[in-house]
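The primary structure of each chain is shown beneath.
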Amino acid sequence: MKTGRVKKALTATAILIALFFVLTEACILYYLKSYGYGIKELPQTTLVYFHLSEGFSVDDSGRFIGRHSYSFYNELFEEKGYYKSDQMGLDLFYKKTGNKNDDHHHDFVLSCCNEWCHWFRLYDLTDDMRIEDFTD
């Protein structure tokens, strides 16, 4: 009798987890399509949402899909020797540690998309940089 209850509980839990995962995928795909992307970017975006990836480039121009909170990237860039030297709205300016003499110089800019999306955020990196340059 206990075995039957355990099986039912495990089955119900597995069904709820599968339902959660399917609904999450459907919501992420909906927002990806609204930004002009599709099923090809879905697996990597899911990894970003579940914090298993820092982000991935979607084209060669420096655009990438990353985590919703851009404060995460401050820490990531600091690990690679860059610090935030300035911010204008959603444009964050970074420069190499040690170049503190000139506050108006920056090595690259991280531009954040202003449109709200719970699942991910679109970013642009300048100067032909890619997010993969920072995520070894």
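Residues numbered from 1 in each chain as written. Predicted model: local features only at pLDDT ≥ 70, side-chain atom pairs only at ≥ 80, totals over all residues. Heavy atoms only, no water.

Caption draft 1: Broad picture of the sheet that holds strand β5 (residues 108-112). As summarised here, the arrangement of the 6 strands in space is β1-β2-β6-β5-β4-β3, forming an open sheet in which the pairing is antiparallel. Each of the sheet's edge strands pairs with one partner strand only, and the pair in question is β1 (55-57) and β3 (82-88). Each neighbouring strand pair of the sheet contributes to a mean axis angle of 25°, computed without reference to strand direction. Bridge count between β3 and strand β4 (residues 91-96): 6 bridges; the pairing is antiparallel. Counted as the bridge partner of Met 88 is Asp 91 from β4. Packing against the sheet, helix α2 (residues 42-49) makes contact with β1 and β2 (63-66), and its axis sits at approximately 150° to β1. (Pairing = 2+ DSSP bridges. Helix = DSSP H or I, 4+ residues; strand = E, 2+ residues; numbered from the N terminus. Axes fitted to C-alpha atoms, helices over the stretch in contact; angles between N-to-C directions. Contact = heavy atoms within 4.5 Å.)

Caption draft 2: Examining the pattern of salt bridges more closely. One pass over the structure, following the stated rule, counts 2 salt bridges. Between Arg 63 and Asp 124 there is a salt bridge; the shortest N-O distance is 3.1 Å. Of this pair, Arg 63 sits in strand β2 while Asp 124 sits in strand β6 (residues 121-125), and the two are 61 residues apart along the sequence. Arg 63 sits in the partly exposed class, given a relative accessible area of 27%. Residue Asp 124 is classed as partly exposed on the basis of its relative accessible area of 26%. (Salt bridge = Lys/Arg side-chain N within 4 Å of Asp/Glu carboxyl O. Buried < 20%, exposed > 50% of the residue type's maximum accessible area, 1.4 Å probe, protein only.)

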